[in-house]
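Notes for the structure review
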Amino acid sequence: MGETSGGDRPWQSYHTAYTNAKAGMEGVDKEKVQRIIYEMSKGSKYFENEKRKEAFIKQKIESLCVQRAKLTEKDISHFQMIANKRILELDGSRDLSKIWLHTDMDAFYAAVETLENPLLKGKPLAVGGMSMICTASYEARKYGIRAAMPGFIARKLCPKLIFVPTNFGKYTYYSEKTRNVFSKYDPDYIATSLDEAYLDITEICKQRSISSEEVAAELRNTIYQETGLTCSVGVAPNRMLAKVCSDINKPNGQFILPNDRDAVMTFISSLPIRKVGGIGKVTEQILREVLGISTCTEILQKGALLYALFSHCSTDFFLCVGLGIGGTDAPQQKMRKSISSERTFVATDDESLLFQNLVDLAEALSNDMQKEGLLGRNLTLKLKTASFEVRTRAISLQKYVNSKEDILIYASKLLKAELPVQLRLLGLRMSHFHDDNHNPLDPTQKTLTSFLHISETIPGVINSVHLNSSDIQIMGRETSTSTNESHDFQCESNDLLESNQLFVSNEGIVSSSENQAEYSNKECQSKCKGKEDTTNIINFSDRKRASSSRDSAQPFWIDDYICSVCGIEIPTNFIEERREHLDYHLAQMLQKEECRSLVYSSPLKKSTSKKQKSSSTKQGKYIPIDAFFVKKNTQSKALFSVRMFPWTPSLLLQKDVLEMESYLNDNFGGVKAKNSSEEALRRWRKLCSVVKNPKRRFRFTANLSKRSEVEAMKKTIHEKLRIAVMVSKAAHQFIQRITIRSGYVVPEEVRAAGFQICADELGSIVESHDVKKLKMHEGVDGIANKLSTSLSNGLTTADERLKRRQEIYGINKFTESMVQSFWVFVWEALQDTTLIILAVCAFVSLIVGITMEGWPKGAHDGLGIVASILLVVFVTATSDYRQSLQFKDLDKEKKKISIQVTRDGFRQKISIYDLVPGDIVHLSIGDQVPADGLFISGYSLLINESSLTGESEPVCINAEYPFLLSGAKVQDGSCKMLVTAVGMRTQWGKLLATLSEGGDDETPLQVKLNGVATIIGQIGLFFAIITFAVLAQGLISRKYSEGLLSRWSGDDALQMLEFLAIAVTIIVVAVPEGLPLAVTLSLAFAMKKMMNDKALVRHLAACETMGSATTICSDKTGTLTTNHMTVVKVCICKNVVELTSDKDVNLSSYIPDDVRKTLLQSIFSNTGGEIVTDQGGKLEILGTPTETALLEFGLSLGGDFEVLRQESDIVKVEPFNSTKKRMGVVLQLPGACYRAHCKGASEIILAACTSYLDSAGNVLPLDEAAMDHHKNTIDSFAGEALRTLCLAYKELGDDFSDKEQIPFDGYTCIGIVGIKDPVRPGVKESVATCRTAGITVRMITGDNINTAKAIARECGILTDDGIAIEGAKFREKSLEEMNKLIPRIQVMARSSPLDKHTLVKHLRNMFNEVVAVTGDGTNDAPALHEADIGLAMGISGTEVAKESADVIILDDNFSTIVTVAKWGRSIYVNIQKFVQFQLTVNVVALIVNFSSACWSGNAPLTAVQLLWVNMIMDTLGALALATEPPNDDLMQRAPVGRSGRFISSTMWRNIFGQSIYQFVTIWYLQTQGKAIFGLDGSTSDLTINTITFNSFVFCQVFNEISSRDMEKINVFKGILQNYVFLGVLTTTVIFQFIIIQFLGDFANTTPLTLKQWFVTIFIGFLGMPIAALLKLFPMRSI
């Protein structure tokens, strides 16, 4: 803080209220704002106050940090139990029965001024003056200007800023108009200020049967119509959350949080604590720096430390925040503690102006008190000086008052005591009302505050401590509960140190805050019940002890923890704090004794004051208040228990496995299959920072630095588009009123091609949302004409103009990164550090060898190493290059998206890459906008542009605002769009060019295997150094003994070089660089194969995770069923008719013509589908399978789609969504009458009906008998596994507006249809396979529960012990009931997307299940994102669902999901096989070379041989083992689950068993081999080394075969079908034969005899029976 702390940029550490962002300040250059505020305020009183505040906060934080270190594990454990218990209690008290709405007017004062003076619209405006700003408009906020900022600083930020003086009469007028609107929805609304209010809308939602979202939208619309002002609205189960929600979509937006516990917890989980009312900047800083708390979830995680450090009352408040619990009951009048009013104005010292403001305040306060029938006795005056000091003065009156005159008399006295002074704010607050429940204390009663601060006062006139409003503010501001005044008087200093308020009596002036302890105690109790009022965490007197009647009780410690007076808990090692705490209570007792004598004495005298002063000085020496709240250790490490393993041989291996897994989990386990934090991704990279070849090792990992650049670019584009949208909206009304003349000149090239507008002009219209240009080109119709296209028939493709169009306007493809050539991979393979060192060794060896022995003999060793290096490099590069091509092919598959267009007058489906400007595109809910374009026609179109603009609030697109951006998502509704720009001319194209550059996150297995490679690499490096040292020491010792230490020959140099090469090669072999790359190889292979099995993998990690899946939550329609729907039964006019294909059923004989006409009108008008004529002249039905079935049914009744659609006009459409489970439409019939049609879930629509049609076509009341008949029909249809829909209509008369909501009551039931959707063949078998594999299948559907149960039984999902439940009943269950219920749920019917999300979240978090979820709709995206594996449907799925998914099921078949699970298990097991194989080679090669070097001074395996072994185990081994196809046996074993260990005890058994056998064999050959084979002479060493090398290689060949199955003895099953495996084995054996027999000079080998070949192969083969024997010893699962 200040001028020194910031270095060259001191303003960066200068944080004030003025630098805090508000709504509308996104994108502001914060550093510029900080710098200007710093420069403008430096040297002022305000600057000094800020410095003092910063120092005070720093002192508090340091004090807390020092004290927290004293906490022991016992302390934390104790407080953890308290926290856990309290969390359960608070969660149990959660009230979800109320719906609260918070409304906040957007920039209220500025908006009123703009409304009054339209010339101010769009200009930066501030209400206030050069001294103080009350409100800044959103245009001004773009410059960093906000409320409470001094005007001279604001003018510096924006020289064009316009100042408007405050006019509270005007603001009050508009506020009253808004309150009139509030009262229609909640007569008992709570107005907290002129521009904010809370409304309980529970009853109105019930009474009108409408959703809270509809109420919010209606309220906003009504306020706008009544006042011309906009507001932001939040709806939530309590007031605290409602306030947070209203801030989300500012300005002029709304956010709805459902009344569901899981929805609340999901919402609150990532919410920054600063967003919550009651947690101010200082509190946030303390919680963040002391406890590391920044989000609400972290509050719950650190509840123990909160209880240890802060008061129970304060901690309860924090826990309520973490749980999302706030006030739900309307505050009662008797609960009011104070009522207040304040005014902000230009700083002045004119006493007449100050007293005039005081008169206004007194009048306003009096009016409010009289309205509520309040009589108060404590009057507080709040002042804010020109230098931003906050002062408070208080007086305790002799009688209860509420009149303006009485208030003004005493307020004037308080103000006179402060004059002369220059002020910018005045406030009055009245408290201690006549109906307060507690007994008032004597006005002369002193608190401990008097003793602490009395020394700072002078007799007769005592001033309060002049601190800045936020100097010691910890929990934000105290707010009035239900004040209807324009400005609440908000006490900004509610800590004990700040509450040194002064009270004036007739006898004199004393210092204290009357009833503070009693008030704080009651407030504490209310806050613990979930109220959102702020809590004081420093004010220790808010505890019950402050008002305790136990005066005479000598304080002591109960159970050595708990204070006997107040119940606070302070551990025994807090010696100083415990002593000061007891001093506190002693001071209380002394104070009370003194007060008793004062009550009966004459008026206060100076001696009394002196006595107080001396007493306080004495006490104050030992009682700093901030030392009184409990200080504890904030080390948040959870206590953990360590399992003790007996040190026995049988458990030794398992102990090693646990230690290895524990290390990997601790250091490499933070990376998740999806949504990993950047911190976790960076942590493992740091641990693996030293690797042989970083380019290759990290090729398939995310480029985090590039990601940062991408994010910066995205923000730039977001801001650019967001500003364009704002400017467009602001200019829209102005543009509509003027005539614009075109100045655009068509380029000759464009004109010659037959068009009248160029690509740049088209692109700029939509990208910039340029209303002016659009009008200049005569709107959408004009653009279409200039593009030579028809809005009804689309483009004509018969001529050559389509190709010419592409040349002029471009194609709809985006710039893609070029495929790297093969030589790039060769170059990257050459970057291996160890290979470079070996290459240097080879070069030196060549030089020395040729010098010593001549060519070619002297070059053999060097050329051998070079050849080995090149072989390794080219094999590695070939493998990596093939992987990159596979990934490129998969990327192309991911981008294949088709879209419906109209061309040549016909609807057809084409690839989005074939779109050109002029195309007419049809969009519906869930689609992604494929190109920039303009809205032609449609209904209820809502577009989510968050991917482009960063704004989460959907945009309503219509004819007035027609701009559609490429990359945006259709959130609701449907439309036709005219394409205007494609490809790289769109902002989405420019964005996509950078999006892929960051790469996908690495998978958990890749990270874990990187960890294994790092560990073994470190071990290998250690042994390599030791090996080189031992070999070098042997050579030096020999030369020393021969006396030749100072004479070195070329042979000695070559030998030393060979030692170095061996050491380096040991590193090459020991570091399993191929481990993490084997994961990529296996995943790439599996992804390619899964494409052939109709599964497109979007994220690599999904392949891994699917192998661990324990639960599959599947949709019904289209996944378990064929999705080929037909209407087979109907109930119309109470007649049930079965429609079959084998006999002609004339339905017309059952229903009258009028009913038939109404039915057809309902089918053809209330539909999301369409009937078109294809190019062959045949009718083609477009739409979902359900819509298709209904339209086919309509055609079978003799209906004509086009004729019926032309008979009426569609006025309003509410598309179907999975939340409402219905679709509605309003038609304008001939004669100007309106009719509404509705269809959807049978029981829901039937409940909205009050009448039905009988067999004669008459409308009859839907009495109980008729209702039962229809319900029985629904149940009957559902029992036959039919999907039921109810169709109904309602006459609306001649009064309906498209701005109204479609009503949902009073309908007439037309009929019920039963739709058959057969179960897919093979589904039952697939479900049985899942059950055998330990995977639970659950069906989640929106259908009727009886239909769902019938289908589930047919599929084998619903068993006798399973449960089928409806979503509505599931939602009502408590947490405890859910925990008991969820394991048995097999079917969930009538479920909403939120139900699916809740179930998935509980399965993952509470039952530790690995969950795969299917989804097809836009609303399924949250559940797909939440699940471990999101599976989207390729045919029926929307683009939004596909984008959120990890795997796309291309054929929508459940059997394909089972295939994906099988592949996932195969990948997991294959990588385990490869890891087992490679670690065996690592261990043996390492030990053999090291032990031989130590024993004989020579290494049996040379550098060239080790390089060949490295290639066998690395690239070739990965090809052989990591590409095994899946087999049916994989689905016979239990899933790994979330807690399964990757390197299992079985693997370690096989690794150590094989390693021991191979090492013993190789060691025996080295020591006894000459005798066994009868070798002697000069070539014996070379021969035995060759035999050793050959035996070692064949041990790996046969071990590779044994590794095909880690548990079963039969490893040959399916081997002949695995051509890759056979090819690798054959290649290895052939190359080994060539190396031994023909490349001896290069590989240091000699040709072997037939007997030697047989023995070496037999030694290798013996490894197989030994592996089989090892598998007979079962390993305990750990």
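Preceding this paragraph is the structure being described.
Residues numbered from 1 in each chain as written. Predicted model: local features only at pLDDT ≥ 70, side-chain atom pairs only at ≥ 80, totals over all residues. Heavy atoms only, no water.

Here's the deal with the overall build of the protein chain
Secondary structure summary: the protein chain contains 58 helices and 43 strands in total. Scored against the burial criterion, the 1678 residues of the protein chain give a buried share of 57%. For the protein chain, the share of sequence-separated contacts (at least 6 apart) that also reach a separation of at least 24 residues comes to 73%. In the form shown here, the protein chain has an accessible surface area of approximately 68900 Å², with 54% of it arising from carbon and sulfur atoms. (Helix = DSSP H or I, 4+ residues; strand = E, 2+ residues; numbered from the N terminus. Buried < 20%, exposed > 50% of the residue type's maximum accessible area, 1.4 Å probe, protein only. Contact = heavy atoms within 4.5 Å. Areas by Shrake-Rupley, 256 points an atom, 1.4 Å probe, with all protein chains shown as cover.)

Remarks on the nonpolar core
In this structure, Trp-1508, Ile-1587, Phe-1589, Phe-1592, Val-1593, Ile-1601 and Phe-1621 are the most contacted members of the largest nonpolar core, which totals 69 residues. For this core, the element with the highest residue contribution is helix α53 (residues 1503-1521), accounting for 12 residues. Filtering out sequence-adjacent residues up to four positions away, Val-1593 remains in contact with Trp-1508, Val-1509, Ile-1512 and Gln-1632. Counting residues in each nonpolar core, the second largest holds 64 residues, with Leu-1100, Ala-1102, Val-1327 and Met-1339 among its members. (Core = buried A, V, L, I, M, F, W, Y, C linked by side-chain atoms within 4.5 Å.)

Structural notes on a negative patch on the surface
On the surface, Asp-1294, Asp-1295, Asp-1298 and Glu-1300 cluster together to form a negatively charged patch. Within the secondary structure layout, Asp-1298 lies in the loop between β36 (1282-1293) and β37 (1307-1316). Relative accessible area serves as the criterion here: at 44%, Asp-1298 is assigned to the partly exposed category. (Patch = residues over 30% accessible without salt bridge, like charges linked within 9 Å, V, L, I, M, F, W, Y side chains within 5 Å. Salt bridge = Lys/Arg side-chain N within 4 Å of Asp/Glu carboxyl O. Lys, Arg positive; Asp, Glu negative; His and termini not counted. Charge placed at Lys NZ, Arg CZ, Asp CG, Glu CD.)

Section: the sheet that holds strand β6 (residues 196-200)
An order of β5-β6-β1-β7-β8 is seen for the 5 strands of this open sheet, with the pairing classed as mixed. Unpaired on one side and paired on the other, β5 (190-191) and β8 (254-256) mark the two borders of the sheet. Bridge count for strand β1 (residues 100-105) against strand β7 (residues 231-236) is 6 bridges, and the pairing is antiparallel. Opposite Asp-104, over in β7, you have Ser-232 as the bridge partner. Sheet strands touched by helix α7 (residues 168-185): β1, β5 and β6. Its angle to β6, the strand with the most contacts, is close to 15°. (Pairing = 2+ DSSP bridges. Axes fitted to C-alpha atoms, helices over the stretch in contact; angles between N-to-C directions.)

Some remarks on the packing of helix α10 (residues 239-246) against helix α11 (residues 261-269)
Each pair of packed helices can be summarised by the angle the axes make with each other and by the distance between the axes. With their axes 12 Å apart at the nearest point, α10 and α11 run at an angle of 55° to one another. If you check the angle between α10 and α11, you find them oblique. Here α10 runs over α11; the crossing is left-handed. Across the interface between the two elements, Leu-241, Val-244 and Cys-245 of α10 pack against Val-264, Phe-267 and Ile-268 of α11. (Parallel < 35°, antiparallel > 145°, perpendicular 65-115°, else oblique. Left-handed = near helix turned anticlockwise from the far one by under 90°.)

Quick notes on the packing of aromatic side chains
By the definition in use, this model includes 23 aromatic pairs. Measuring from ring centre to ring centre gives 5.2 Å for Tyr-173 and Tyr-174, while their planes differ by 80°; the resulting arrangement is edge-to-face. Tyr-174 sits in the buried class, given a relative accessible area of 8%. Here a set of aromatic residues connected by ring pairs shows up, and it is made of Phe-1594, Phe-1633, Phe-1638 and Trp-1653. Across from the ring centre of Tyr-138, 4.5 Å away, lies the NZ or CZ of Arg-141, which sits over that ring. Seen from the ring of Phe-1621, Arg-1604 lies directly overhead, with NZ or CZ sitting 5.5 Å from the centre. (Phe/Tyr/Trp six-rings, centres within 6.5 Å; stacked < 30°, edge-to-face > 60°. Lys NZ or Arg CZ within 6 Å of the ring centre and 35° of its normal.)

Thoughts on the environment of Gly-983
By the element assignment, Gly-983 lies in the loop between β24 (969-981) and α35 (987-995). Counting along the chain gives 53 residues from Gly-983 to Pro-930, while the straight-line C-alpha distance between them is 9.2 Å. Those residues within four positions of Gly-983 in sequence are excluded, and the remaining contacts are Ile-811, Asn-812, Lys-813, Phe-814 and Gly-989.

Remarks on the packing of helix α55 (residues 1580-1602) against helix α58 (residues 1650-1671)
Close contact between α55 and α58 brings their axes to 8 Å; oriented N to C, the two are set at 35°. Once α55 is placed against α58, the crossing between them reads as right-handed. Facing Thr-1583, Ile-1587, Asn-1590, Ser-1591, Phe-1594, Cys-1595, Phe-1598, Ile-1601 and Ser-1602 of α55, the residues of α58 in contact are Gln-1652, Trp-1653, Thr-1656, Ile-1657, Ile-1659, Gly-1660, Phe-1661, Gly-1663, Met-1664, Ala-1667 and Lys-1671. Per-class residue counts for the contact of α55 with α58 are 11 nonpolar, 8 polar and 1 charged. (Nonpolar A, V, L, I, M, F, W, Y, C, P; charged D, E, K, R; others polar.)

Focus on the side chain of Gln-254
Here Gln-254 is to be found in strand β8. Engagement of the side chain of Gln-254 in a polar contact is seen with the backbone nitrogen of Ala-217, the distance being 3.2 Å. Separated by 2.9 Å, the side chains of Gln-254 and Arg-220 make a polar contact. Setting aside chain neighbours within four positions, we find Gln-254 in contact with Glu-213, Ala-216, Ala-217, Arg-220, Val-233, Asn-249 and Glu-953. (Polar contact = N/O pair within 3.5 Å; in protein donor to acceptor, adjacent residues only side chain to side chain.)

A closer look at the pairing of strand β18 (residues 898-903)
Among the 6 residues that make up β18, 5 are buried, leaving the element largely enclosed by the rest of the structure. In this sheet, strand β19 (residues 906-911) lies alongside β18 in antiparallel orientation, the contact comprising 6 bridges. Bridge assignment links Thr-902 to a residue of β19, and that residue is Arg-907. Joining the antiparallel neighbours β18 and β19 is a turn of 2 residues, in which Asp-904 adopts a positive phi near 55°.

Observations regarding the sheet that holds strand β4 (residues 162-164)
If you walk across this open sheet you meet the 3 strands as β3-β2-β4, and the pairing is mixed. A strand with exactly one partner marks an edge of an open sheet, and here the two such strands are β3 (133-136) and β4. Strand after strand, the sheet turns through a mean of 30° between neighbouring axes, direction not considered.

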